[in-house]
Amino acid sequence: MKLKNTLLIAIALTAAAGCARKDQEDTGAPPSAELALKNGAIYTVDGARSWAQTIAIADGRIVYVGTDAGAEGHIGPETKVVDLKGRMVVPGFQDVHIHPVSGGIEANGCDLNAAATVEEYVAIIKKYADAHPDTPWIKGGGWSMAAFGPGALARKELIDAVVPDRPVILWSRDGHTVWVNSKALEAAGITRETKDPPDGRIDRDPKTGEAVGSLQEGAGGLVADKAPPDTDAIRDAGLRYSIRMLNGYGITGIQDASVNEEDLKTYRRLDDAGELTLHVVGSIWWEREKGLEQVEDLKRLRGEYTKGRIDAGTVKIMQDGVMENYTAVVLEPYKLKGKDGVRGIPMVEPELLKQAVTKLDAEGFQVHFHAIGDGAVRQSLDAVEAARTANGDLGHRHHISHLQLIHPDDQPRFRKLGVIANFQPLWAYADAYVTDLTLPFISRQTASYMYPIASMEKSGAVIAFGSDWSVSTANPFEEMETAITRLGSLGDTTVPFLPAESIALPEALAAFTINAAYTNRDEKDTGSLEVGKRANLAVLDRNLFEIPPAELSDTKVLLTLFEGKAVHGDLGAL
Ligand SMILES: [Zn+2]
């Protein structure tokens, strides 16, 4: 592995040096760079996957990538030269499915992400409530359904015991369920008589019909809509938290998987203040209770908010729920005791979905689908196919996120339709969500095509990665490790899950860099380290090609540059 690598570096360096000479001929004497990082192992992710030693930066852009010797013409008396001491450099990562505003607000609120048991959850809730006696509603999240055990529900009594006096609303880590106390149910007026909304379910006691305290999918809105809205200050603080965290992971571009106008305003405020040290594509939420008439408003939002570091040219359509509560749309019914024919909840009626995608495509939008079950994936592909038939290939790079199940018949359709496969690779291992909450309810046949990342890679589809943070960690090294090993990155499993679906490091890196930039329609400017592109990069504490895959998750980012400026770490401390 190491030998092959060294060979690759030598070849690449020759190519890069040639490139630099050409660059100098074209422009005459090159202007001196502001910053040069030399003596590194720079993995450029250019078309040839070249390695280089030095990268030079002026005006936020890359002016040179190549050998140390070839860089001399770019280094003048004003140039700050930093010795990388052989450290690895990668293009800034891009996460193409993430929730930074809500995730950051949650992290600053009653945050359960770090806990693993119900007892710990209750202790954190009590501690938070005691520390915030004047907060009228306690909001937060980050709990995991798996902590409650197979088939068990999050119950109101657990919270009532520590917070009896005011409403508490806590989102599950996957965002599909809310856990509330009695005061919150009361505030929302939820009683035995309250009917389930069409897009969700109020979990009830089978004997009394009373709400138990967990609300699935759209039913969560019944309580959430009653909670006081977050102030601008809370929203800004939440986004600041996320930006700091993401820059710390070497992330310099994202696609927010669900924005409304308030979110776009939050991004705009921080961009105007010079604090948005990320490029942001906002996927504007498609309101499933409305029809095609909402496209006019989507166009207005795109027009008003696309500028600076924000691109609001994407629309998010959530087509199903999740497997764990049987709301993901599946081709073969769930195996449920006493309940036949449960196939999940299609959030948008499939014929309307076709019309919506056709119209959005014609209006120049990218569509970002949420589809987990193989049925929802098929409905999404059918909708893109309808758009293709009506509009031809307009090149809007529609993409489908999550992709827990892709029926083999549908796998080649991604490439054919130009649909990007947007995986959350951290989920592709046998954790309790998979072993306890999913596998018992689907057939072996269906289970055999779960998170088929390598199959999709082989099919020729573009593969891009996102974390879905705050559902799970936004640490790209943990995510890449699981993509490669199909094991929990924290050593939590020992048997690889469908190991034939594991991919290699170069593909994993491409999915977080150039392919993610392509998904964010920004690959001319970002996603690789090439002359003319923005100087967005991360300096790592180890060479990812020289360590066993199981150590990828230990990687630390020493320095992140965004448009040539350090946004994490310190140039002087390298
Ligand atoms: Zn999401």
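Look a little higher up for the structure.
Worth saying up front: this structure is predicted, and the values here are computed from it rather than measured.

## Focus: the pattern of salt bridges
Step number 1: The final tally for this structure, using the stated rule, is 38 salt bridges.
Step number 2: Measuring nitrogen to oxygen at the nearest pair gives 2.7 Å for the salt bridge that ties Asp525 to Arg61. Of this pair, Asp525 sits in the loop between α18 (514-519) and β22 (537-540) while Arg61 is found in strand β5 (residues 61-66), placing the two residues 464 residues apart along the sequence.
Step number 3: Residue Asp525 is classed as buried on the basis of its relative accessible area, which comes to 19%.
Step number 4: A salt bridge links Asp541 to Arg542, with the nearest nitrogen and oxygen atoms 2.9 Å apart.
Step number 5: Residues participating in the shared-partner salt-bridge network are Arg61, Arg309, Asp525, Arg534 and Glu563.

## What to know about the pairing of β5
Step number 1: The buried count for β5 comes to five of six residues, which makes it a mostly enclosed element.
Step number 2: Relative to β5, strand β4 (residues 54-58) runs antiparallel, the two sharing five bridges. Bridged to Thr54 within β5 is Gly66.
Step number 3: Joining the antiparallel neighbours β4 and β5 is a turn of two residues, in which Asp59 adopts a positive phi near 55°.

## Section: the sheet that holds strand β17 (residues 310-318)
Step number 1: Here eight strands make up an open sheet; going across it, the order is β8-β15-β16-β17-β18-β19-β20-β21 and the pairing parallel. Two strands lie at the open edges of the sheet, namely β8 (93-98) and β21 (463-465), each paired on one side alone. Shown here is a sheet whose adjacent strand axes are inclined to one another by a mean of 25°, direction ignored.
Step number 2: In this sheet, β21 lies alongside strand β20 (residues 420-423) in parallel orientation, the contact comprising three bridges. Following the sheet pairing, Phe423 is matched in β21 by Phe465.
Step number 3: Contacting β16 (279-285) and β17, helix α9 (residues 295-305) crosses the sheet at an angle of about 150° to β17.
Step number 4: On the sheet, helix α17 (residues 505-512) packs against β8 and β21 and is oriented at approximately 70° with respect to β21.

## A few points about the environment of Pro150
Step number 1: Assignment of secondary structure puts Pro150 in the loop between β10 (138-143) and α4 (156-160).
Step number 2: According to the relative accessible area criterion, Pro150 is exposed, its value standing at 58%.
Step number 3: Taking the C-alpha atoms as reference points, Pro150 and Tyr449, separated by 299 residues in sequence, lie 23 Å from one another.
Step number 4: Discounting residues that sit within four places of it in the chain, Pro150 has contacts with Asp436 and Leu437.

## A few points about helix α8 (residues 261-272)
Step number 1: With twelve residues, α8 extends 16 Å from end C-alpha to end C-alpha; this agrees with the ideal 16 Å at 1.5 Å per step.
Step number 2: Along α8, the residues that are buried comprise Asp263, Leu264, Thr266, Tyr267, Arg268, Leu270 and Asp271.
Step number 3: Along its buried surface, α8 packs onto α2 (100-108), α7 (232-248), β15 (251-259), β16, α9 and β17.
Step number 4: Near the N-terminus of α8, the side chain that reaches the backbone nitrogen of Glu262, with its oxygen 3.1 Å away, is that of Asn260.

## Notes on the packing of α8 against α9
Step number 1: Contact geometry of α8 with α9 gives a least axis separation of 11 Å together with a crossing angle of 5°. Between α8 and α9, the crossing angle belongs to the class labelled roughly parallel. Only Arg300, Leu301, Glu304 and Tyr305 of α9 make contact with α8, whose side of the interface consists of Glu261, Leu264, Lys265 and Arg268.
Step number 2: Tallied by class, residues from the contact of α8 with α9 come to three nonpolar, no polar and five charged.

## Comments concerning the nonpolar core
Step number 1: Counting residues in hydrophobic clusters, the biggest one holds 103 residues, and the most contacted among them are Ile317, Phe414, Phe465 and Leu544.
Step number 2: Dropping the residues within four chain positions of it, Phe414 is found in contact with Val377, Leu381, Ile400, Leu403, Ile406, Val419, Ile420, Ala421, Met456 and Ala461.

## Some words on the environment of Arg204
Step number 1: Note that Arg204 resides in strand β13 (residues 200-204).
Step number 2: What Arg204 contacts, discounting residues up to four positions off in sequence, is Thr191, Arg192, Thr194, Lys195, Asp196, Gly209, Glu210, Ala211 and Val212.

Parameters and conventions
Numbers given to residues run from 1 along each chain, matching the order in which its sequence is written. Where local features are concerned, this predicted model is filtered to residues with pLDDT of at least 70; where side-chain atom pairs are given and counted, the filter is 80 or more; whole-chain, interface and lining totals use all residues. No hydrogens and no water enter the side-chain calculation; it runs on all heavy atoms of the structure. Any Lys or Arg side-chain nitrogen found within 4 Å of a carboxyl oxygen on Asp or Glu counts as a salt bridge. Helix and strand assignments come from DSSP, with helices taken as H or I runs of at least 4 residues and strands as E runs of at least 2, each series counted from the N terminus. Type-normalised accessible area, obtained with a 1.4 Å probe on protein chains alone, sets the label of each residue: buried when under 20%, exposed when over 50%, and partly exposed for intermediate values. When DSSP finds two or more bridges between two strands, those strands count as paired. Helix axes are fitted to C-alpha atoms over the stretch in contact, other axes to C-alpha atoms as well, and angles between N-to-C directions run from 0 to 180 degrees. Contacts were defined at the residue level, with two residues in contact if any of their heavy atoms lie within 4.5 Å. Expected helix span is taken as 1.5 Å per residue step, with the number of steps being one fewer than the number of residues. Distance and chemistry together define a polar contact, namely a pair of N or O atoms within 3.5 Å, with one atom able to donate a hydrogen and the other to accept it when in protein, and with adjacent residues in sequence counting only for side-chain atoms on both sides. For this classification, under 35 degrees means roughly parallel, over 145 means roughly antiparallel, 65 to 115 means roughly perpendicular, and everything else is oblique. Each residue is assigned to one of three groups, with Ala, Val, Leu, Ile, Met, Phe, Trp, Tyr, Cys and Pro labelled nonpolar, Asp, Glu, Lys and Arg labelled charged, and all others, Gly among them, labelled polar. Take the buried residues of types Ala, Val, Leu, Ile, Met, Phe, Trp, Tyr and Cys, join any two whose side-chain atoms come within 4.5 Å, and each joined set is a nonpolar core.

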